[in-house]
Amino acid sequence: MDKKTIEEAIGQEIPEELYEHAVTEARKKLQSIIQRFGDCDGVRRTPGYLTELVIEAVKSELLTEYTLTLALARSRA
């Protein structure tokens, strides 16, 4: 999984910092999922599974940034 793969999946370029943060968060989430629910016969240890978690983390961060920007814009209006 690389940054380009993630960008293609979400349809836009993302900053390196966001990508690295998303990978870190996805790995933490993956460890938590495996500890709580197991690795599902190895499925949760595949690169594709981690890729989906990274995509989820990127989308979450982008939505958070958008929401905060919108809220600040409204409070200034």
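Residues numbered from 1 in each chain as written. Predicted model: local features only at pLDDT ≥ 70, side-chain atom pairs only at ≥ 80, totals over all residues. Heavy atoms only, no water.

Draft legend 1. Local environment of unusual backbone geometry. For Cys40, which is not glycine, the phi torsion reads 55° and is therefore positive. For Cys40, the position within the fold is in the loop between helix 2 (16-37) and helix 3 (47-76). Residue classification places Cys40 among the partly exposed residues on the basis of a relative accessible area of 44%. One non-glycine residue, Asp41, lies in the positive phi region at around 55°. In this fold, Asp41 is placed in the loop between helix 2 and helix 3. (Helix = DSSP H or I, 4+ residues; strand = E, 2+ residues; numbered from the N terminus. Buried < 20%, exposed > 50% of the residue type's maximum accessible area, 1.4 Å probe, protein only.)

Draft legend 2. Spatial organisation of a nonpolar patch on the surface. On the surface, Leu63, Tyr66 and Leu70 cluster together into a nonpolar patch covering about 310 Å² of accessible area. Here Leu63 is to be found in helix 3. (Patch = residues over 30% accessible without salt bridge, like charges linked within 9 Å, V, L, I, M, F, W, Y side chains within 5 Å. Areas by Shrake-Rupley, 256 points an atom, 1.4 Å probe, with all protein chains shown as cover. Salt bridge = Lys/Arg side-chain N within 4 Å of Asp/Glu carboxyl O.)

Draft legend 3. Molecular detail of the packing of helix 1 (residues 3-10) against helix 3. The interhelical angle for the contact between helix 1 and helix 3, taken along N-to-C directions, is 60°, at an axis separation of 10 Å. Seen along the crossing, helix 1 lies across helix 3 with a hand that is right-handed. Side by side, helix 1 and helix 3 meet where Thr5, Ile6, Ala9 and Ile10 of the first sit next to Thr51, Val54, Ile55, Val58, Lys59 and Leu62 of the second. Class assignment of the residues belonging to the contact of helix 1 with helix 3 gives a composition of 7 nonpolar, 2 polar and 1 charged. (Axes fitted to C-alpha atoms, helices over the stretch in contact; angles between N-to-C directions. Left-handed = near helix turned anticlockwise from the far one by under 90°. Contact = heavy atoms within 4.5 Å. Nonpolar A, V, L, I, M, F, W, Y, C, P; charged D, E, K, R; others polar.)

Function-wise, these values are silent; they only describe arrangement.
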